[in-house]
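# Survey of secondary and tertiary structure
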Amino acid sequence: MIMKHAYLIIAHNEFDVLERLIRALDDIRNDIFIHFDLKLDNIPTIKVKYSKLYLINERIDVRWGDLSVVRAEYSLFEEALKRGRYAYLHLLSGVDMPLKSQNYIHSFFEYNIGKEFVGFGQGDIEVEIERKMRRYHFFSKYFRTSSKLTSFLMRASRFLLLRLQYILNIKRNSGFVFKKGPQWVSITEDFAYHLVKQKSEVLKVYKNTFCCDEIFVQTICWNSTFQDRIFNITDEAVGSQRMIGWENGQLVEWQDEDYELLMESHLLFARKFNGENLDVLDRILKEIESQYKYGI
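Below you will find a few notes about this structure. The shown structure was predicted, so the numbers you read here are calculated from the model rather than taken from an experiment. (Residues numbered from 1 in each chain as written. Predicted model: local features only at pLDDT ≥ 70, side-chain atom pairs only at ≥ 80, totals over all residues. Heavy atoms only, no water.)

Here strand β4 (residues 88-93) lies mainly inside the structure; six of its six residues are buried. Residues of β4 alternate between two faces, with Tyr88, His90 and Leu92 on one and Leu89, Leu91 and Ser93 on the opposite face, all of them buried. Across six bridges, strand β1 (residues 5-11) lies against β4 in parallel orientation. For Ile10, the partnering residue across the bridge sits in β4 and is Ser93. (Buried < 20%, exposed > 50% of the residue type's maximum accessible area, 1.4 Å probe, protein only. Helix = DSSP H or I, 4+ residues; strand = E, 2+ residues; numbered from the N terminus. Pairing = 2+ DSSP bridges.)

Put into structure tokens, the structure is as follows:
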């Protein structure tokens, strides 16, 4: 029996990277679901040879830091759960890339079947949680816009409203134990169903919060019986199986010269890449495609 996987991709730019990602995932054992940002006027043509490909009709205007990111994730989870039965559902960005072949990835998850690959941030996150989850954030969808004036005015308004809440001791969500980690996860179908069942409550609790896409999955997992199924709780990279580059607290994009570093990693996926450094992607893809794929 084939252990099917679903790859759920949120895409909005860098379509040269996305094309290589799709080629790396194109395998008879995989179904691929793509959510294209509503702001896109022209959706690129995506072709597959072996996978089934589904484009999400319910497109969301995704804005960084806003609840719309969570809505886009839910549109992917819901569509996948309608289409089939999956051992694992992998949430990826359109600028991610697997570092291993599909044979390796399927073998890895078959060996670890039932585990939840959700990364949890380390250290004291309470100050961050206090600011992002226990205060009201307005205008978050306008923080990153093409209009510098609009962005400045919205950020200034947000800062003033936050300061007022601290002064007046206005708090919310006091009864919740929040956890935080990478947005990108690989989860079982059971946990995906559990997330979808929580949708209405999630949209209520996380309305007017900030960057909740990095919090809601971890929080639901931690406050449920799925906590016992977490693969690794002490290392967020191992826990999520995502290799993410950070420098001085900022996400950095992988360069061509990082090929050996990436391929030596024991992790399954890496983010993020860009169209100015396609050589590293082509080298990874060549290595992946040189290995046997199921059913070809």
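A few words now on helix α2 (residues 68-83). Look at α2: 23 Å from first C-alpha to last across 16 residues, which is about the 22 Å you get at 1.5 Å a residue. Most of α2 is tucked away, with 12 of its 16 residues classed as buried. Within α2 the residues assigned to the buried category are Ser68, Val69, Val70, Ala72, Glu73, Tyr74, Ser75, Leu76, Phe77, Glu79, Ala80 and Leu81. (Expected span 1.5 Å × (residues − 1).)

This next bit is on the nonpolar core. The biggest cluster of nonpolar side chains holds 44 residues, and the ones touching the most others in it are Leu8, Phe33, Leu89, Phe191, Leu195, Tyr206 and Phe216. Elements that contribute at least two residues to this core include exactly β1, α2, β4, α6 (189-197), α7 (199-205) and α8 (216-222). Considering each element in turn, this core owes the most residues, eight residues, to α2. Excluding its chain neighbours within four sequence positions, the residues that come into contact with Phe216 are Val70, Glu73, Tyr74, Leu195, Val202 and Tyr206. Core analysis: the second largest hydrophobic core is formed by 22 residues, Ile9, Ala11, Ile34 and Phe269 among them. (Core = buried A, V, L, I, M, F, W, Y, C linked by side-chain atoms within 4.5 Å. Contact = heavy atoms within 4.5 Å.)

Moving on, we come to the packing of aromatic side chains. For the structure on display, the rule yields 19 aromatic pairs. Taking 6.3 Å as the distance between ring centres and 70° as the angle between the ring planes, the aromatic pair formed by Tyr7 and Phe269 counts as edge-to-face. With a gap of 262 residues between them, Tyr7 in strand β1 and Phe269 in strand β10 (residues 269-271) connect regions that are remote in the sequence. Of the two residues, Tyr7 and Phe269, both sit in the buried class. Measuring from ring centre to ring centre gives 5.9 Å for Phe178 and Tyr206, while their planes differ by 75°; the resulting arrangement is edge-to-face. In this pair, Phe178 is assigned in the loop between α5 (148-168) and β6 (186-188) and Tyr206 in the loop between α7 and α8, connecting sequence segments 28 residues apart. (Phe/Tyr/Trp six-rings, centres within 6.5 Å; stacked < 30°, edge-to-face > 60°.)

The contact between α2 and α6 brings their axes to 10 Å, and the two run at 125°. Comparing their axes, α6 and α2 come out oblique. As for the relative orientation of α2 and α6, their crossing is left-handed in sense. Contacts between α2 and α6 involve Tyr74, Phe77, Glu78 and Leu81 on the former and, on the latter, Glu189, Ala192, Tyr193, Leu195 and Val196. (Axes fitted to C-alpha atoms, helices over the stretch in contact; angles between N-to-C directions. Parallel < 35°, antiparallel > 145°, perpendicular 65-115°, else oblique. Left-handed = near helix turned anticlockwise from the far one by under 90°.)

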